[in-house]
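Next come the chains, spelled out residue by residue.
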Amino acid sequence: MSARRGRSPLQGAQRRGRELRQQVDALLADSKERGGLDPAKRNYLFQRCMELKKSVDENTSVLQNLKKTDEPAPVGNYNQRKEEEEKQLLKLSEQLQKLAAVLSQDNVTKGYTVDGKCQNRPQTEQEEEEEEDEGEESSGEEDAEEEEDEEEDDDDELEDQPTIKECITVGDFIAQQEGDLTFKKGEVLLILDKKPDGWWIATNSKGERGLVPKTYLMACSKGVGQEPSEEESEEDIEVVDETADKTEIKKRTDSHWSAVRKAITENNTIDVLATMGAVPAGFRPSTLSQLLEEGGQFQASYFIQPELTPSQLAFKDLMWSPEKDTILPRPTRVSLILTLWSCKMIPLPGVSIQVLSRHVRLCVFDGNRVLSNIHTVRATWQPKNPKTWTFSPRVTGILPSLLDGDCFIRSNSSSPDIGILFELGITYIRNLTGERGELSCGWAFLKLFDSSGIPVSSKTYELLLNGGTPYERGVEVDPSISRRASSSVFHQMITLKKRPQLLVKLRSLSTRSKGILNLLPETLIGSMCYIHLLIFYRQILSDVLLKDRISMQSADLISNPILATFPKLMEQPDLMDALRSAWAEKESTLKRSEKRDREFLKSVFFLVYHDCVFPLLQSTFLPEHKWADEESEASRWKVIADFLKRNQEKDSALYSLLSSESVHKAFDISEIAYDFLGEARKSSASV
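Treat the numbers as computed from the prediction; the structure is a model and nothing was measured.

Cut-off values and rules
- Residues numbered from 1 in each chain as written.
- Predicted model: local features only at pLDDT ≥ 70, side-chain atom pairs only at ≥ 80, totals over all residues.
- Heavy atoms only, no water.
- Helix = DSSP H or I, 4+ residues; strand = E, 2+ residues; numbered from the N terminus.
- Buried < 20%, exposed > 50% of the residue type's maximum accessible area, 1.4 Å probe, protein only.
- Contact = heavy atoms within 4.5 Å.
- Areas by Shrake-Rupley, 256 points an atom, 1.4 Å probe, with all protein chains shown as cover.
- Axes fitted to C-alpha atoms, helices over the stretch in contact; angles between N-to-C directions.
- Parallel < 35°, antiparallel > 145°, perpendicular 65-115°, else oblique.
- Left-handed = near helix turned anticlockwise from the far one by under 90°.
- Phe/Tyr/Trp six-rings, centres within 6.5 Å; stacked < 30°, edge-to-face > 60°.
- Lys NZ or Arg CZ within 6 Å of the ring centre and 35° of its normal.
- Salt bridge = Lys/Arg side-chain N within 4 Å of Asp/Glu carboxyl O.
- Pairing = 2+ DSSP bridges.
- Patch = residues over 30% accessible without salt bridge, like charges linked within 9 Å, V, L, I, M, F, W, Y side chains within 5 Å.
- Core = buried A, V, L, I, M, F, W, Y, C linked by side-chain atoms within 4.5 Å.
- Polar contact = N/O pair within 3.5 Å; in protein donor to acceptor, adjacent residues only side chain to side chain.
- Nonpolar A, V, L, I, M, F, W, Y, C, P; charged D, E, K, R; others polar.

Peer 1: Before we go on, may I ask you to explain the overall build of the chain in this structure?
Peer 2: Of regular secondary structure, the chain possesses 23 helices and 23 strands. Per-residue burial over the chain gives 46% buried out of 687 residues. For the chain, contacts bridging at least 24 residues in sequence account for 70% of all contacts bridging at least 6. With the model as given, the accessible surface of the chain reaches about 35,700 Å², and the carbon-plus-sulfur share is 50%.

Here it is, written out as structure tokens:
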């Protein structure tokens, strides 16, 4: 590990470039017989081609961001070596781009070689041998790199022959920013200037002028302006589709292919934003956001359901105490309260994107797997200090649960590496395209046990943020900060202060707090502000499943609207806040003796629930919950506030339910029927 740290950044990029060239050479050799390949093999080669292109583009981005001051020791001919490496990577990217276009078609166009050059005559045996020799050359040593440079000068016809002024486009391209030239496949462009960065100035037949990517151009000895045949045009329309970077790919009907296309599109979007300077190089698509989109197994509504034993005849984490006539407390290995304080020095996105939400997502993590639900806390910020995020702001009335920085965390995992994963994120919309997405602004991991298995201390922690994803190491959120730092201790200290960081506090638990947390499920993360509502739900759940059920072997549906609908509230914070508000108002009217009566409190909670959120869940006036949609959030809160106000005035929800102005969804038995066997979690092996 120490040898890798001491390697020159430029040498590291060159070494990675050599590895990529070897892989591209192997891919080119495998694809030479592509005419006789079966569709499965061709699809495999295409996917491998796209993976390599992504790696080449990433290495190019790393190389372009390097500076001479990054080197630990003087390097001779630094700029020349860097330019040569960039040129070779650009050639690899072009080869892969054109190979992908060829592999994506059912029938390879005659005379179209792997290098993307168009010829009118068949190749001679000598030319085929030369092409094979060129594809099989090794680039593993420095001398081989110099030979490659010479071949590149001979082969890169577009780059080095100034006589070529007209090119044919090999794919569709849509302008990404002002100054780019949009074109369709098959257009003839007049090249006015060839820039070394691969973006050339060209003009089309309409006289429109702008920048075009060199990788979309092909020199062709065909008559300039000759149109493809009708047969070829129809075939292109039928069999090709395009990703975000306009790489032509063959249409697929299997579900896996749609996931691959989505991943390619998202990565290319981030590359575009990073290239434009809209986001730092360490930003990535949000890992935890993608997990939340995959399904309900990372939602709180999943983890509040009781967990069945392997036999499915009993509940693993829900037990009854006959002595206390209530749910039996369940101590766990991890049971703590955490407070999010603030985030400092978070890089600002560029003006080309609009930030809709700043937030932190957290979960229990063992370095490999997410072991709990993913909990989200939205951050607030001030225009005068936009790089600092804070939590739990002072508000009038109750604090919205989405802004509450006090969180409880429970887990019974036996993993020695268990800890809390924090991912800072932004939800954004691109001003130019209207595209929405979520980016990770960095992540941190707080391990909860030391090497001896002793829990870490309850104190405030300053966690430095890492760039990339939680599965990457050594990536900085904003690499430009460390590049500008000098070797002096003072400057290194200043640089450390500029690095993004997250401040959190692990709070020590009182006996009362431990008792409250032990009534919750074994695995769950949530907001402290609604913990009392969760305990009501758990108590009602235990009454129905353990105390009042006539037969323990019965798996019949249970008529209980609270059990049937409460999990939905966990995914709609504004409805949870409405229930909190209604309960707080009702609780303030209760006598002290009534507050000590557990059964009486549960009966009052039933009434509050049915007068408050249950009708709202069935109302057609309540818009669908959408994350980070300001208009939707405002509309929902207006409907909720008006409903609660009417209930307060009429002292019941009965008036709203019977009013001719109220419209509710058609009745569904699932509104009141609880299927515990279908909803309960299956027992999983401990980790």
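Further notes follow.
Peer 1: Could you clarify how one ought to interpret the packing of helix α16 (residues 561–569) against helix α19 (residues 598–611) in this entry?
Peer 2: The axes of two packed helices give the description: the angle between them and the distance between them. Two elements in contact, α16 and α19, have axes separated by 12 Å at closest approach and are oriented at 60 degrees. In terms of axis orientation, α16 runs oblique to α19. When the axes of α16 and α19 are compared, the crossing they make is left-handed. Between α16 and α19, the residues in contact are P561, I562, T565, F566 and L569 and F605, F606, Y609 and H610, respectively.

Peer 1: Even after reading the chapter, I still don't get the packing of aromatic side chains, so can you show me in this structure?
Peer 2: Two aromatic rings are characterised by how far apart their centres lie and by the angle between their planes. Scanning all chains against the criterion turns up twelve aromatic pairs. Note on F183 and Y216: the rings are 6.0 Å apart at their centroids and 70 degrees apart in plane angle, and the pair reads as edge-to-face. Note that F183 is positioned in the loop between β1 (166–169) and β2 (188–193) and Y216 in the loop between β4 (209–213) and β5 (217–218), a separation of 33 residues in sequence. This pair shows no difference in class: F183 is buried, exactly as Y216 is. Aromatic pair F365 and F445: ring centres 6.1 Å apart, planes at 80 degrees, arrangement edge-to-face. Pair noted here: F365 is in strand β12 (residues 353–365) and F445 is in strand β18 (residues 436–447), with a separation of 80 residues, a long-range link. Ring pairs connect the aromatic residues F173, F183, W199 and Y216, which therefore count as one cluster. Just above the ring of W627 sits the side chain of R361; from NZ or CZ to the centre is 5.2 Å. Positioned above the aromatic ring of W627 is the side chain of R378, whose terminal nitrogen or guanidinium carbon lies 4.6 Å from the ring centre.

Peer 1: It is not clear to me how the pattern of salt bridges should be interpreted in this structure. Could you clarify?
Peer 2: Side chains that differ in charge, positive against negative, can pair when their charged atoms come close. What the rule picks out here adds up to 20 salt bridges. Residue K547 is joined to D325 by a salt bridge in which the shortest nitrogen-to-oxygen separation is 3.7 Å. Linking K547 in helix α15 (residues 531–547) with D325 in the loop between β9 (320–321) and β10 (326–327), this pair joins segments that are 222 residues apart in sequence. According to the relative accessible area criterion, K547 is partly exposed, its value standing at 34%.

Peer 1: Would you explain the sheet that holds strand β3 (residues 199–203) in this entry?
Peer 2: Strands belonging to one sheet form pairs held by backbone hydrogen bonds; the direction of such a pair is parallel or antiparallel. Reading across from one edge, β4-β3-β2-β1-β5 is the order of the five strands in this open sheet, with antiparallel pairing throughout. Of all the strands in the sheet, the pair left with one neighbour each is β4 and β5. Pairing of β1 with β5, which is carried by two bridges, proceeds in the antiparallel orientation. Each bridged residue has a counterpart across the sheet, and for T169 the counterpart in β5 is L217.

Peer 1: Explain a nonpolar patch on the surface here, please?
Peer 2: The grouping of L654, L657 and L658 at the surface amounts to a nonpolar patch, some 320 Å² of accessible area in total. Note on placement: L654 falls in helix α22 (residues 654–658). Using a relative accessible area of 52% as the deciding quantity, one classes L654 as exposed.

Peer 1: Looking at this structure, I do not really get the nonpolar core. What am I missing?
Peer 2: Taken as a class, soluble globular proteins show a tendency for nonpolar side chains to be buried jointly. Counting residues in each nonpolar core, the largest one holds 56 residues, and the members touching the most others are L534, L545, F566, L569, L579, F605 and Y609. Mapped by element, the contributors of at least two residues to this core are α11 (300–303), α15, α16, α17 (573–587), α19, α20 (613–618) and α21 (630–650). The contact partners of L569, leaving out residues within four places of it in the chain, are L575, M576, L579, Y609, V613 and L617.

Peer 1: Would you explain the environment of D57 in this entry?
Peer 2: Residue placement: D57 occurs in helix α3 (residues 39–65). For D57, a relative accessible area of 26% translates into the label partly exposed. Separated by 35 residues in sequence, D57 and L92 have C-alpha atoms that sit 9.4 Å apart.

Peer 1: Looking at this structure, how should I read unusual backbone geometry?
Peer 2: Trans peptide bonds make up most of the peptide bonds, and negative phi angles are found at most residues other than glycine. A positive phi angle, close to 55 degrees, is found at M345, a residue other than glycine. Within the secondary structure, M345 sits in the loop between β11 (334–344) and β12. If you check the backbone angles, A628 has positive phi at about 55 degrees while not being a glycine. Looking at the element boundaries, A628 is found in the loop between α20 and α21.

Peer 1: Is there a simple way to think about the environment of S93 in this case?
Peer 2: Residue position: S93 is located in helix α4 (residues 78–103). A sequence separation of 40 residues divides S93 from K53, and the C-alpha atoms of the two residues are 5.8 Å apart.

Peer 1: For this particular structure, what's the right way to read the side chain of S415?
Peer 2: Mapping S415 onto the fold places it in the loop between β16 (406–411) and β17 (419–430). A relative accessible area of 8% places S415 in the buried class. Side-chain polar atoms of S415 contact the backbone nitrogen of D417, separated by 3.3 Å.

Peer 1: Whenever I open this one, the pairing of β3 confuses me. Can you help?
Peer 2: Consecutive side chains of a regular strand alternate in pointing toward one face of the sheet and then the other. Counting buried positions over the five residues of β3 gives four, a clear majority of the element. Where β2 lies against β3, three bridges are found, and the strand directions are antiparallel. Paired with D193 across the bridge in β3 is I201. Hairpin connection of β3 to β4: five residues between the antiparallel strands, including G207 at a positive phi of 90 degrees.

Peer 1: Just to check I follow, could you spell out the sheet that holds β18 for this structure?
Peer 2: Read across the open sheet, the five strands follow the order β8-β18-β17-β12-β13; overall the sheet is antiparallel. In the strand order of this sheet, the two ends are held by β8 (284–285) and β13 (375–378), each with one partner. Sheet topology places β17 next to β18; eleven bridges connect them, and they run antiparallel. Bridging across to β18, I420 finds its partner in L446. Together, β8, β12, β17 and β18 form the strand contacts of helix α10 (residues 287–294), whose direction differs from that of β12 by roughly 80 degrees.

Peer 1: What's the story with the packing of helix α2 (residues 9–30) against α4 in this structure? I'm lost.
Peer 2: Look at α2 against α4: their axes get within 11 Å of each other, and the N-to-C directions meet at 25 degrees. When the axes of α2 and α4 are compared, the pair comes out roughly parallel. Of the two elements, α2 crosses α4, and the hand of that crossing is left-handed. From α2, L10, A13, Q14, G17, L20, R21, V24, L27 and L28 reach across to α4, where they touch Y78, R81, K82, E85, Q88, L89, L92, Q95, L96 and L99. Taken together, the residues that form the contact of α2 with α4 break down as eleven nonpolar, four polar and four charged.

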